[in-house]
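Overview (structure and organization)
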Amino acid sequence: MVSRSYSNLLDLASGDFPTFGRGEKRFPRVKTVTGVLSELDDENSNSASSDAPSSVTQERIIIVGNQLPLRAHRRTDGDGGRYFSWDEDSLLLQLKDGLGEDVEVVYVGCLKEEIDLDEQDSVAQTLLETFKCVPAFLPPELFGKFYHGFCKQHLWPLFHYMLPLSPDLGGRFDRSLWQAYVSVNKIFADKVMEVISPDDDFVWVHDYHLMVLPTFLRKRCNRVKLGFFLHSPFPSSEIYRTLPVREEILRALLNSDLIGFHTFDYARHFLSCCSRMLGLSYQSKRGYIGLEYYGRTVSIKILPVGIHMGQLQSVMNLPETESKVAELRDQFKGQIVMLGVDDMDIFKGISLKLLAMEQLLLQHPDKRGKVVLVQIANPARGRGKDVQEVRSETSATVKRINETFGRLGYKPVILIDTPLKFYERIAYYIIAECCLVTAVRDGMNLIPYEYIICRQGNERLDETLGLDLSVPKKSMLVVSEFIGCSPSLSGAIRVNPWNIDAVAEAMDSALRIPDPEKQLRHEKHYRYVSTHDVAYWAHSFMQDLERACRNHVRKRCWGIGFGLGFRVIALDPSFRKLSVEHIVSAYKRTKNRAILLDFDSTMMLQSSVGANPNNEAVRVLNSLCRDPKNVVFLVSGQDRKKLTEWFSSCENLGIAAEHGYFVRENNTAEWETRKPLSNFDWKQIAEPVMQLYTETTDGSYIETKESAIVWNYQYADRDFGFCQAKELLDHLESVLANEPVSVKSGQHIVEVKPQGVNKGFVAQRLLAKMQQKGMLPDFVLCIGDDRSDEDMFEVIMSARTGPSLSSFAEVFACSVGQKPSKAKYYVEDTGEILRMLQGLALASEQASRNSSQATKPAIIVRE
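Reference entry: report on the structure contained in this document. (Residues numbered from 1 in each chain as written. Predicted model: local features only at pLDDT ≥ 70, side-chain atom pairs only at ≥ 80, totals over all residues. Heavy atoms only, no water.)

Moving on, we come to the overall build of the chain. Looking only at helices and strands, one finds 28 helices and 34 strands in the chain. Burial statistics for the chain: of 863 residues in total, 54% are counted as buried. The long-range share in the chain, meaning contacts at least 24 apart out of those at least 6 apart in sequence, stands at 71%. If you sum the accessible surface of the chain, you get close to 38,800 Å²; carbon and sulfur atoms cover 49% of it. (Helix = DSSP H or I, 4+ residues; strand = E, 2+ residues; numbered from the N terminus. Buried < 20%, exposed > 50% of the residue type's maximum accessible area, 1.4 Å probe, protein only. Contact = heavy atoms within 4.5 Å. Areas by Shrake-Rupley, 256 points an atom, 1.4 Å probe, with all protein chains shown as cover.)

And the structure:
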């Protein structure tokens, strides 16, 4: 059961509801019944809640995360009450620095502490009025299934490349945990909807806890300006595809306008999953990566998060920090400190780091007594058997190393597994000569960034350490190549944490590198980290989100699908769906009709396994061809022999084979050739090249036609086939540069054919022939489903202003599916095309019956 504050937050805030600095503009959504939100359509409302934005209207961003950036405290004055303060360590709070002072920020999330049911209403109102935070109160049982269940047992291990091969490794998929995850995301969506102004506000959702939230928000506001950032790794498609709800999560993320990742690897894995599981392809244009999804462009952002410079520098200025640094200076006098700071979990590689330290002391006896590894182990965020095992293994390894190499006054490894205050951790950064991060998989890991800033220090700390202020600072990093910050730290020593010997050697190298080299590396790292802080990251993300949402108002949007299969179709206002009623009405009004149909989009049903045309489609074609007002042409890339065999029953059907190289006006006419060639010697050049790619691309094959040769990779691995097709295209263009042919790529094909041969020629020829016969077309229907059909669309659309069409001609250029096209109409699939053609055929049959009845002689019976 959802808490009471979840159902009546706006009722509590009625009256003096805060406007968050948006002038007189109030939230354009109100509660009419407890727990129910009613839409107020801005187009039809002239009330104060839908006033036009004024010059003083502030931009507002709603930031949604699993936890609010707040801390709860108990009062010590005896009443036991609770008060709240900002959590300065929270990334969600720190990113405000990059959003500008004129931007209002509203937070939606859970509290870290459980709030009693009878306190939830007052707490919700306090947080909303004081901090502009909207809390989502989750029942403990639901929260346990959501966070400790689905998030930590399924998503977190899988995203860190741990497969549930046994019940001990993450556990088998539990449908009830997934349902809890979905339910919590719905609750978060409700909380966002209580405060959002859909046409004005931006929404920024954070991390894997809320990956299906974009669907619930998009369902309620088709034009919501929505960004999502994933702070964990995104696994390769081979790992991700094991998740039973893989498509639901992918489609939910694609309901965002912008999806952010820390590294290109994570983004590449996501794009690969979209390609392999959803059949989507991406394009890079002017430095931006975008996925076309039902007419919407979903942008991909790649930028690692940074640290909060101001917070670190303010802590370094504290007297407590200076005192702690002095204490550690004396404690480790005459020793070299190497530092590790990690959470106590299975992916941070603490045991691997300890084994590398052990190996270093074994292979380099001179380091004994001089080098100390300080390992700070923060409490694990999750819970379970694996955390206990890591803690036990770490303690046992530390004990063994200290017993083997330690002596009086010297412990080679110091394990700190109790919580440290932030200034204490800063002090360890400052005195450490080298920082070690050996995580086997981690989303970002900001420890190296914090270490670099702390090593830069300040004057007071330099004096405490007795450093010469004129000497450049130095630092050294040994980092795992499997963490998100690794690509941005080009001066670090990158290691494979699983290779213990290599890590030990890297540790030794980090200590032996001359000081001038350490100074150069530190300067390079400091320049990057100090300029790419959390404010820079947030500002850059919001800039890209604004760019991604710029065209929202220019498109017509509507939602389709149920549940997590919901998506929004966004189309250009001039690109609209072709209804059967509309085209049938135009069909009945006209007398000279030209109909051009692509074979694959009209004759082949999507569920069809064989290559033969659909029987019902052939019957409908025959019916259309029998109408004397119609001239019907079937345009195909197939060879003429097959087409002749398949459509032998269609006497009046015109056929263009091999994209228009061969043309026949009806069943009894001879085949005409578009552009006769004296020879096809170029095939002897193209075919061996294609054969080479066929042998190296499993599932591909070659189609040899009379006028063309085609390499088809429809059944090959999608990504590999696409890469091979690009290579083959370049290869063929190179070797055939002096031949009278063109090399084109299409849907899963690379084709070589004579120059000047395309489907547009068929459309031109048809219109010209009808004009010569005195049948100036007043109705043109052209249907196609791929790139090769765009030539036909271009011809008939440009013909509207020429002499080849009637001045009042009805022109229908129709694409199959919503995608960028020169057509002005679209239909969803081949099934819709068949229903439309059936409607046209029925209209012809009815007209024929009416005509025959009208011409029958009247019979008069006399008595």
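Let us keep going from here.
With 182 residues, the main nonpolar core has V64, V203, M211, F234, I249, L254 and F270 as its most contacted residues. Element by element, the count of residues in this core is highest for helix α5 (residues 175-195), at 12 residues. When sequence neighbours within four positions are dropped, the list of residues in contact with M211 reads L155, F159, Y181, N185, F228, L230, I249, A252 and L253. One finds L578, V584, L621 and L653 within the second-largest nonpolar core, a separate group that totals 41 residues. (Core = buried A, V, L, I, M, F, W, Y, C linked by side-chain atoms within 4.5 Å.)

Bringing helix α24 (residues 682-696) into the picture now. With 15 residues, α24 ought to run about 21 Å at 1.5 Å a step, and its terminal C-alpha atoms sit 22 Å apart, in line with that. Residues of α24 that are buried sit in contact with β28 (701-704), β29 (709-712), α25 (718-735), β30 (741-746) and β31 (749-754). (Expected span 1.5 Å × (residues − 1).)

Right, let's get into the pairing of β29. Residues I709 and W711 line one face of β29 and the alternating positions V710 and N712 line the opposite face, and both faces are buried. Here β28 folds back onto β29 in antiparallel fashion, the turn holding four residues. Two elements, β29 and β31, share four bridges in a ladder whose sense is antiparallel. When the sheet's bridge partners are listed, V710 is paired in β31 with E751. (Pairing = 2+ DSSP bridges.)

Attention now goes to the side chain of R296. Within the element layout of this structure, R296 appears in strand β13 (residues 296-302). A residue is classified by how much of its surface remains accessible, and R296, at 7% relative accessible area, is buried. Polar contacts involving the side chain of R296 include one to the main-chain carbonyl oxygen of L254, which spans 2.9 Å. A polar contact of 2.7 Å, which involves the side chain of R296, links it to the backbone oxygen of S256. If we ignore the near neighbours within four places in the chain, the residues touching R296 are R218, L254, N255, S256, D257, L291, V568 and A570. (Polar contact = N/O pair within 3.5 Å; in protein donor to acceptor, adjacent residues only side chain to side chain.)

Helix α17 (residues 500-512) packs onto helix α12 (residues 350-363) with a crossing angle of 65° between their chain directions and a minimal axis gap of 8 Å. If you check the angle between α12 and α17, you find them roughly perpendicular. Between α12 and α17 lies a crossing whose hand is right-handed. Contact residues: α12 offers L352, L355, A356, M357, Q359, L360 and Q363, while α17 offers I500, D501, V503, A504, E505, M507 and D508. Across the contact of α12 with α17, the residue classes tally to nine nonpolar, two polar and three charged. (Axes fitted to C-alpha atoms, helices over the stretch in contact; angles between N-to-C directions. Parallel < 35°, antiparallel > 145°, perpendicular 65-115°, else oblique. Left-handed = near helix turned anticlockwise from the far one by under 90°. Nonpolar A, V, L, I, M, F, W, Y, C, P; charged D, E, K, R; others polar.)

To continue, consider the sheet that holds strand β22 (residues 576-577). In spatial order, the strands read β22-β34-β33-β32-β23-β24-β25-β26-β27; together these nine strands make up an open sheet with mixed pairing. A strand with exactly one partner marks an edge of an open sheet, and here the two such strands are β22 and β27 (672-673). Bridging between strand β32 (residues 779-784) and strand β33 (residues 810-816) involves six bridges; their strand directions are parallel. Opposite F779, over in β33, you have E810 as the bridge partner. On the sheet, helix α20 (residues 580-589) packs against β23 (593-598), β24 (630-635), β32, β33 and β34 (825-827) and is oriented at approximately 145° with respect to β33. Against the sheet, helix α26 (residues 759-772) engages β23, β24, β25 (654-657), β26 (662-664), β27 and β32, with an angle of about 165° to β23.

Here we come to the packing of aromatic side chains. Overall, the coordinates contain 33 aromatic pairs when judged by the stated rule. Measuring from centroid to centroid gives 5.9 Å for W86 and Y107, while their planes differ by 65°, and the two rings are edge-to-face. Placement of W86 in strand β5 (residues 82-86) and of Y107 in strand β6 (residues 103-110) is noted, with a sequence separation of 21 residues between them. The structure contains a cluster of three or more aromatic residues connected by ring pairs, namely F143, F146, Y147, F150, F173, W178 and Y181. Seen from the ring of Y587, R593 lies directly overhead, with NZ or CZ sitting 3.7 Å from the centre. For the cation-ring pair, K683 lies above F680, with the distance from its terminal atom to the ring centre recorded as 5.2 Å. (Phe/Tyr/Trp six-rings, centres within 6.5 Å; stacked < 30°, edge-to-face > 60°. Lys NZ or Arg CZ within 6 Å of the ring centre and 35° of its normal.)

The strand order across the open sheet built from nine strands is β7-β6-β3-β8-β9-β10-β13-β12-β11, with neighbouring strands paired in mixed fashion. The two strands at the open ends of the sheet, each matched to only one other strand, are β7 (133-135) and β11 (282-285). The sheet shows a mean angle of 25° between the axes of neighbouring strands, direction not considered.

Using the criterion set out here, one finds 45 salt bridges in the structure. Put simply, D257 and R296 hold a salt bridge, and the shortest N to O gap is 3.8 Å. With D257 in the loop between α8 (246-253) and β10 (258-261) and R296 in strand β13, this residue pair connects regions lying 39 residues apart in the sequence. For D257, a relative accessible area of 2% gives the class buried. Between K822 and E794 there is a salt bridge, and its shortest N-O distance comes to 3.2 Å. (Salt bridge = Lys/Arg side-chain N within 4 Å of Asp/Glu carboxyl O.)

Here we take up the side chain of Q311. Following the sequence through the fold, Q311 ends up in helix α10 (residues 309-316). Among the residues examined, Q311 registers a relative accessible area of 15% and is labelled buried. Here D89 takes part through its side chain, which lies 2.7 Å from a polar atom of the side chain of Q311. If near-sequence neighbours (up to four positions away) are discounted, Q311 is found in contact with E88, D89, Q94 and F422.

The phi dihedral of D207 is positive, around 75°, even though this residue is not glycine. Look at H659: it is not a glycine, yet its phi comes out positive at around 60°. Locating H659 in the fold gives a position in the loop between β25 and β26.

Residues E59, E101, D102 and E546 make up a contiguous surface patch of negative charge. Along the polypeptide, D102 turns up in the loop between α2 (91-94) and β6. Overall, the relative accessible area of 52% leaves D102 in the exposed class. (Patch = residues over 30% accessible without salt bridge, like charges linked within 9 Å, V, L, I, M, F, W, Y side chains within 5 Å. Lys, Arg positive; Asp, Glu negative; His and termini not counted. Charge placed at Lys NZ, Arg CZ, Asp CG, Glu CD.)

Structurally, K112 is set in the loop between β6 and α3 (120-131). Between the C-alpha atom of K112 and that of A72, which follows or precedes it by 40 residues, the distance is 7.9 Å. K112 has contacts with Q67, L70 and D87, leaving out every residue within four places of it along the chain.

Let us look at the packing of α10 against helix α14 (residues 422-431). Two elements in contact, α10 and α14, have axes separated by 10 Å at closest approach and are oriented at 85°. With respect to α14, the element α10 is oriented roughly perpendicular. The residues of α14 that touch α10, namely those facing Q311, L312, V315 and M316, are F422, Y423, I426 and I430. Taken together, the residues of the contact of α10 with α14 sort by class into seven nonpolar, one polar and no charged.

Here the focus is the pairing of β25. Side chains G654 and A656 project from β25 onto one buried face, and the interleaved I655 and A657 project onto a second face that is buried too. Pairing analysis gives three bridges linking β24 to β25, with the strands arranged parallel. Counted as the bridge partner of L634 is I655 from β25. One crossover worth recording links β24 to the parallel β25 by way of helix α23 (residues 640-646), and it is right-handed. Across three bridges, the pairing between β25 and β26 is antiparallel. Among the inter-strand pairings, A657 is bridged to a residue of β26, identified as F662. Joining the antiparallel neighbours β25 and β26 is a turn of four residues, in which E658 adopts a positive phi near 50°. (Right-handed = clockwise from strand over helix to strand, strands pointing away.)

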